[in-house]
Amino acid sequence: MRNTPLNILMVASEAAPFAKTGGLADVVGALPQALQAQGHDVRLVMPWYRSVRKNSGPVRKNRSSLAVPMGGAVDTVAFRQGALGAVPVYFIDAPELYDRAGLYGEEGQDYPDNALRFGLLSRAALELTRKISFVPDIVHAHDWQAGLVPVYLNQHLWRDAHFAKTGSLFSIHNLGYQGQFATEALVGLGLDSSLAAPDRLEYFGRISLLKGGIRYADRISTVSPTYCREIQTPEFGMGLDGLLTSRQTHLHGILNGLDDDLWSPATDPALPENYSTSNLRGKAVCKAALQDELGLQPDPAVPIVAMVTRLDSQKGIDLLIDTWQTLLDRKIQLVILGSGAPDYERALTTQGQAYPGRVAFSRRFDDKLARRIYAGSDLFLMPSRYEPCGLGQLIALRYGCVPLVRATGGLADTIVDPCDRTAPANGFLFQEQTGTALIEGLDRALSTYHQAKAWQTLLRYGMQQDFSWQRAAAAYSDLYRRILSDRSG
Ligand code: ADP
């Protein structure tokens, strides 16, 4: 059993490079390939969104269609086959549901039929396995959009021979998004209305598809060990801490990896000059170019503090805005790339304009500029209120941009402060979600920055750390095998 290759079906609403709104896409874009490299047969199912077409590579439309039992009727959808590296990807092609401008909504408004859009994805993914003669050992479903996969397995397919041996894993990438709908949505999803009960899918008078995944999957995982503990507390549990605690023996924290090929300062074509630990000259070139590009004073000695982030309360933007003046009393330059909540966008625009040549706020999503910021900056700030894993700090480490982060979730699991004498330091941590704590952390970081040798040691260590997907894929393999041994035991 230990090394037997498994048939793994992944179901997710996004995967890089096909469609991305956040870290979920990075995980689903990398994990299937890392699992395949370990010998497993992995298949991915996701929607054929309008935006996928331009990123999909060669795709072939399957001639036969797929019958999906939904809400008393049977929906017929088409599917297409593409690939993620050598992993087959099946796109569910239902234009009335997915041929739209957004993935989940437009102009800040969720699509009203999201329950049906992602319920159908979940049900279709399971039906599709029959069409392609793939008997899954494990179905691995991600976030609320695939939360109904374990529910359908449990409610509709438990006596179905095709799924007799199938185990399920449900991964939580962010508990902040629960997939909440009116209880009436159950009918259209082909699910019994009795599921709208507190020990099932009911969530504050509605239903939550995320809760469905947590309640019905064989095991549950989330994306860092610390976040795994935090979500079992009322402070971080978003009302689901009771359920998560009741399932704690089946709840696991596996830290995400970072794709070394996609994120490397030695090869990144977006940088004005590439660099590595053996030749850091290019990093100084990137800093000068960034100051020039963003209209900052050209000064190699002044530390650049950067943020690349969604502008969301999760990310602690309020802390930044509240401590703005104290922060800029320090001799630093501040670079922020981000978009999101209009209030934050307005505040950062106004406050930024008061410091010409010292603050650059770019209000957009721009992958290439993000890369130049990671490369050209000295410190990377993440004052997150909560952070399931966090990718920003891992990228910053690789690019020699030293993280200054709040000790929560995956940030606490990946960043080691010089005060912690049990392991080599790679950044700076502050504990409390307060401006005072942030400034205290910043002052410690700046004092090290001005000790060139100590700074180099910290920066080089971070650049060389291994956060590859191999380790995470091995942990998922072990977890899949535990699920199967639970079921056979
Ligand atoms: P989350 O998934 O919660 O948004 P993560 O830190 O896990 O946060 O991942 C964020 C990813 O999105 C990183 O790759 C980061 O560089 C990227 N990103 C965030 N905002 C922007 C932006 N405005 N422009 C370009 N990339 C961004």
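Residues numbered from 1 in each chain as written. Predicted model: local features only at pLDDT ≥ 70, side-chain atom pairs only at ≥ 80, totals over all residues. Heavy atoms only, no water.

**Q** Explanation requested: the packing of aromatic side chains in the structure shown.
**A** Ring pairs (aromatic) are described by centroid distance and by the angle formed between their planes. Going through the model one piece at a time under the given rule, you end up with 15 aromatic pairs. Residues Tyr-49 and Tyr-98 carry aromatic rings whose centres are separated by 6.0 Å and whose planes lie at 75 degrees to one another, so their mutual orientation is edge-to-face. Taken together, the positions of Tyr-49 in the loop between strand 2 (41-47) and strand 3 (60-61) and Tyr-98 in helix 2 (residues 95-98) put the pair 49 residues apart, joining distant regions of the chain. For the pair formed by Tyr-49 and Tyr-98, the shared burial category is buried. Relative to Trp-144, the ring of Phe-118 lies with its centre 5.4 Å away and its plane at 80 degrees, an arrangement referred to as edge-to-face. On the criterion of sequence distance, the pair formed by Phe-118 in helix 3 (residues 114-131) and Trp-144 in the loop between strand 9 (138-142) and helix 4 (148-155) is long-range, its members being 26 residues apart. Just as Phe-118 is buried, Trp-144 falls in that class too. Here the aromatic cluster, defined as three or more aromatic residues joined through ring pairs, consists of Tyr-104, Phe-118, Trp-144 and Phe-181. For the cation-ring pair, Arg-100 lies above Tyr-111, with the distance from its terminal atom to the ring centre recorded as 4.8 Å. (Phe/Tyr/Trp six-rings, centres within 6.5 Å; stacked < 30°, edge-to-face > 60°. Helix = DSSP H or I, 4+ residues; strand = E, 2+ residues; numbered from the N terminus. Buried < 20%, exposed > 50% of the residue type's maximum accessible area, 1.4 Å probe, protein only. Lys NZ or Arg CZ within 6 Å of the ring centre and 35° of its normal.)

**Q** Mind showing me how you'd approach the sheet that holds strand 20 (residues 402-406) here?
**A** Backbone-to-backbone hydrogen bonds join strands into a sheet, with any given pair of strands oriented parallel or antiparallel. If you walk across this open sheet you meet the 6 strands as 18-17-16-19-20-21, and the pairing is parallel. The outermost strands of the open sheet, each flanked by one partner alone, are strand 18 (359-362) and strand 21 (428-430). For this sheet, the mean inter-axis angle between neighbouring strands, taken without regard to orientation, is 15 degrees. With 2 bridges joining them, strand 16 (residues 304-311) and strand 19 (residues 379-382) adopt parallel strand pairing. Across the sheet, Ala-306 pairs through a bridge with Phe-380, a residue of strand 19. (Pairing = 2+ DSSP bridges. Axes fitted to C-alpha atoms, helices over the stretch in contact; angles between N-to-C directions.)

**Q** What is the right way to read unusual backbone geometry from this model?
**A** Excluding glycine, most residues fall at negative phi; most peptide bonds, likewise, are trans. The residue after Ala-16, namely Pro-17, is reached through a cis peptide bond having omega 5 degrees. Looking at where Pro-17 falls in the secondary structure, it is placed in the loop between strand 1 (7-11) and helix 1 (23-37). Of note in the backbone geometry, Ser-133 takes a positive phi value of approximately 50 degrees without being a glycine. With respect to the secondary-structure elements, Ser-133 resides in the loop between helix 3 and strand 9. Residue class for Ser-133 comes out exposed when judged on its relative accessible area of 65%. Phi at Asp-143 takes a positive value of approximately 60 degrees, unusual for a residue other than glycine. Inspection of the secondary structure puts Asp-143 in the loop between strand 9 and helix 4.

**Q** Explain the site of the ligand to me, please; I cannot follow it from the model alone.
**A** In the region of the ligand, 18 residues are neighbours, and Arg-310, Lys-315, Arg-364, Tyr-374 and Leu-391 sit closest. At a separation of 2.8 Å, an oxygen atom of the ligand approaches a polar side-chain atom of Lys-315. Tyr-374 places a polar side-chain atom, nitrogen or oxygen, 2.7 Å from an oxygen atom of the ligand. When residues of the shell around the ligand are traced back to their parent elements, those giving at least two are strand 16, strand 17 (333-340), helix 13 (367-376) and helix 14 (392-398). Here the residues of the shell around the ligand sort into 7 nonpolar, 5 polar and 6 charged. (Near = heavy atom within 4 Å. Polar contact = N/O pair within 3.5 Å; in protein donor to acceptor, adjacent residues only side chain to side chain. Nonpolar A, V, L, I, M, F, W, Y, C, P; charged D, E, K, R; others polar.)

**Q** Got a minute to help me understand the domain arrangement of the protein in this structure?
**A** Many authors give the size of an interface as the accessible area that is lost as the parts come together. When cut into domains, the protein gives domain 1 (7-257 + 470-488) and domain 2 (281-466). For domain 1 and domain 2, the distance between their C-alpha centroids amounts to 33 Å. Listed by partner, the interface residues are 16 residues for domain 1 and 17 residues for domain 2. Applying the counting rule to domain 1 against domain 2 returns 0 salt bridges. Counting the contacts that link domain 1 with domain 2 gives 8 residue pairs in polar contact (both at pLDDT 80 or more). Each residue belonging to the side of domain 1 that touches domain 2 can be placed in one class, and the counts come to 7 nonpolar, 7 polar and 2 charged. (Domains from an automatic or database assignment. Contact = heavy atoms within 4.5 Å. Salt bridge = Lys/Arg side-chain N within 4 Å of Asp/Glu carboxyl O.)

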